[in-house]
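Structural overview for review
Spelled out from the first residue to the last, the chains are:
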Amino acid sequence: MPRSKEGKKRDKVDKENLERAVMAVENHEISFREASKVYEVKVATLHRHVKSHIQRGKQQYEYTANNAVKQVFSNQMELELLSYVKQAALMHYGLNKNNMRKLAYQFAKENNVIYPQQWDENQLAGVAWLRGFVKKYSNQISLRKPEATSLARSTSFNRANVQTFFTNLKRVYAKYGPFEPHQIYNVDETGMTTVHVPPKILAPRGIKQLGSVTSGERGQNVTLIAGINAIGNHLPPMFVFPRVHFKEFMLKGAPVGSKGGANQSGWSNEKLFLEWLDFFIEHARPSKEKPVLLILDNHESHVSVAVIEKARVSGIKMLTFPPHTSHRLQPLDRTVFGSFKSHYNRAVNDWMSCNPGKPLSIYEVAEMVGRAFPLAFTSKNITSGFAASGIVPLNEDIFSDIDFLSSYATDRPNPDYAKNDTEALDTSADSPISPTPAASSSCQAKVSVESIRPFPKAGARKVTSRGRKKGKSTILTETPEKFEVESSELEKVDGRISNSVKTAKKVLQLEESYNKNEEVMSLRGSSDDDDIMAEFEEQELENEIMEYVTGEKGIKDILGLPNVVREIDQHVAFLYQGQVYPGKIVAYDEEGATISSMQKSLKSWKWPEKSDILNYPWTDVLGSIMPPKQISKRGFYAIPELLKLE
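What comes next is a walk through the structure. (Residues numbered from 1 in each chain as written. Predicted model: local features only at pLDDT ≥ 70, side-chain atom pairs only at ≥ 80, totals over all residues. Heavy atoms only, no water.)

1. What about the pattern of salt bridges?
- A complete count under the given rule lists 9 salt bridges for this structure.
- The residue Arg159 makes a salt bridge to Asp401 at a minimum N-O spacing of 2.5 Å. Here Arg159, found in helix H9 (residues 159-176), pairs with Asp401, found in the loop between helix H15 (379-388) and helix H16 (415-418); they are 242 residues apart in sequence, far enough to count as distant.
- Taking the relative accessible area as the measure of exposure, Asp401 reaches 45% and is therefore partly exposed. (Salt bridge = Lys/Arg side-chain N within 4 Å of Asp/Glu carboxyl O. Helix = DSSP H or I, 4+ residues; strand = E, 2+ residues; numbered from the N terminus. Buried < 20%, exposed > 50% of the residue type's maximum accessible area, 1.4 Å probe, protein only.)

Have a look at this one:
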């Protein structure tokens, strides 16, 4: 049956005409049919209202609408439900249709409201009630698909973090300024994949599943480093290709003046960001007399001693955003990257249509960016991004209480500050949750919606020293922050050395257990020389550990693998981020090999569901190994050559 009852509804009754018609008939002035014609009221309607007036026994007839007979909740109770729904959605904990029906049923039951019997059978409010509720308040709510937002982003964008950022920004303006709009820059990275997101298409009705051609199931990533300033200008982009070495032909079709770099993973790192910083200095021309402000996020490639030193010498003042807040505070994320990705996907889709049967590779990405870049990096988009984030013009009150509702769930006292406090902090006074509308005494709910389904609230923070240090908005080029970064890097170096020593000890001890030297075995035959041999072995072990740590003896020498056979499908062991992995060569050239790697699973290995294929230089390929031996029907393999590392 159709949902809409258009054309089946009763005509609206004019109140004054109906009252006059009823009184005229009641006073015997005219008949029912004459009154119907004179006052334009249906005869049946007039009969019903005259009968009702006689039953009431009142002298004067007053018309009251009777359209709320089947209304479950009063208007005030509906407004309370409406307020709750809106606030829950703004907190990123919105209600879907089933949750809303369940809440309405519980709300009606707790307040002893008369509701249809069918609600008890399903423990839910009816579909018709929900449809009517949404339609009645369609100017305030609608059914929408929310954007997936990580917990870190939802909770980190809070008033404290934002105030810290603007405090640092004003401090930079006061200490090193004034900065003109053309001296304020924002830089960030974004990934461009060879597998695009197809746009919407026109297609026949009734077909449930439609397809659109892409280059593959899983694409390769090319990083784009973009820089803009508050006057509306932009720097040529820098590309980071997933290759060992960068070649100039990779920039074919890229925006004029673009720069290129290479990294096996396709992501930026400290070395590449230093290259971009030189590129930035060449275009922005900062100096100590005329410094520029560079605002960026807390990515590890940005926060290093080498980057800070270069910035300080060149006259660049670096200010970081609070972690996980760039989606609201960063101009590039607010108004530029979204448009850029849309234009990029459209350009790739057009390229796929013009090149049927050919997949897009990383060597065409620069050309696609060349088409999309000028359409997205416009002066209007850039300046509106700085304005929307409150940076230029400076507006620290750009965000209202509603914008911070998503952090309400974790808005709680910090134990670091509450240790010396004798009284618990009361966060309810600063809560952005507004009270529900006040209801009149005649129709006020005895049990509120929030008491039935409280707004999400996290428990007290756990005090722990584990995990990495939490980031914050900082002025990186100031001396205290520089010292903090230096100490952090020293701690990482100490940790790596300690891990290297432990790994070396384990490798060398296992090496001794698997491969015993014949000379040592002969010496062990004499029980009188046991003490001498124990001292000798301990000294040899320490010497080999130091050789491994200092780099004089590598993991390749310890494993003792045969030289690499440069053939397709040859199984090899290789290094990736300091760890040894087995894999299979799928392609190779003079510079390196493209290897499909296996993944670790407890004490065995297995091939991943989606192939993990990357390029590695020959220097990282340790040697050939035998084909993996399957030890389980579930797809687990043993690699005898790597047992020494377990």
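Once you've had a look at it, read on.
2. What about the sheet that holds strand E6 (residues 316-320)?
- An order of E4-E3-E2-E1-E5-E6 is seen for the 6 strands of this open sheet, with the pairing classed as mixed. The open sheet terminates on both sides in strands that have one partner only, identified here as strand E4 (259-262) and E6. For this sheet, the mean angle separating the axes of adjacent strands, direction not counted, is 25°.
- Of the strand pairs in this sheet, strand E5 (residues 292-296) and E6 are connected by 5 bridges, and their pairing is parallel. Residue pairing for E6: Leu296 is matched across the bridge by Thr320.
- Against the sheet, helix H13 (residues 331-354) touches strand E1 (184-193) and strand E2 (221-229), its axis set at about 35° to E1. (Pairing = 2+ DSSP bridges. Axes fitted to C-alpha atoms, helices over the stretch in contact; angles between N-to-C directions. Contact = heavy atoms within 4.5 Å.)

3. Overview of the environment of Phe321
- Within the secondary structure, Phe321 sits in the loop between E6 and helix H12 (326-329).
- Note on Phe321: relative accessible area 1%, which makes it buried.
- Sequence-wise, Phe321 and Asp297 are 24 residues apart; in three dimensions their C-alpha atoms are separated by 5.1 Å.
- Here Phe321 is in contact with Phe165, Asn186, Ile295, Leu296, Asp297, Asn298, Leu329, Gln330, Pro331, Ile391, Lys472 and Ser473, once residues within four sequence places are set aside.

4. With respect to the nonpolar core
- Counting residues in each nonpolar core, the largest one holds 51 residues, and the members touching the most others are Ile184, Phe377 and Ile391.
- Of all the secondary structure elements, the ones that give two or more residues to this core are H9, E1, E2, strand E3 (238-241), E5, H13, helix H14 (365-376) and H15.
- Ranked by residues supplied to this core, first place goes to H13 with 9 residues.
- Excluding residues within four positions of it along the chain, Ile391 makes contact with Phe165, Leu169, Tyr173, Ile184, Ile295, Phe321, Leu329, Pro331 and Phe386.
- By size, the runner-up hydrophobic cluster in this structure holds 30 residues, among which are Met77, Ala125, Phe133 and Phe455. (Core = buried A, V, L, I, M, F, W, Y, C linked by side-chain atoms within 4.5 Å.)

5. Observations concerning H9
- When the terminal C-alpha atoms of H9 are compared, their 25 Å separation across 18 residues agrees well with the 26 Å that a helix rising 1.5 Å per residue should span.
- Summarising the contacts, the buried residues of H9 are in contact with E1, E5, E6 and H12.
- The N-terminus of H9 is capped by Asn158, whose side-chain oxygen sits 3.2 Å from the backbone nitrogen of Ala160. (Expected span 1.5 Å × (residues − 1). Polar contact = N/O pair within 3.5 Å; in protein donor to acceptor, adjacent residues only side chain to side chain.)

Function cannot be inferred from these measures alone, as they are strictly geometric.
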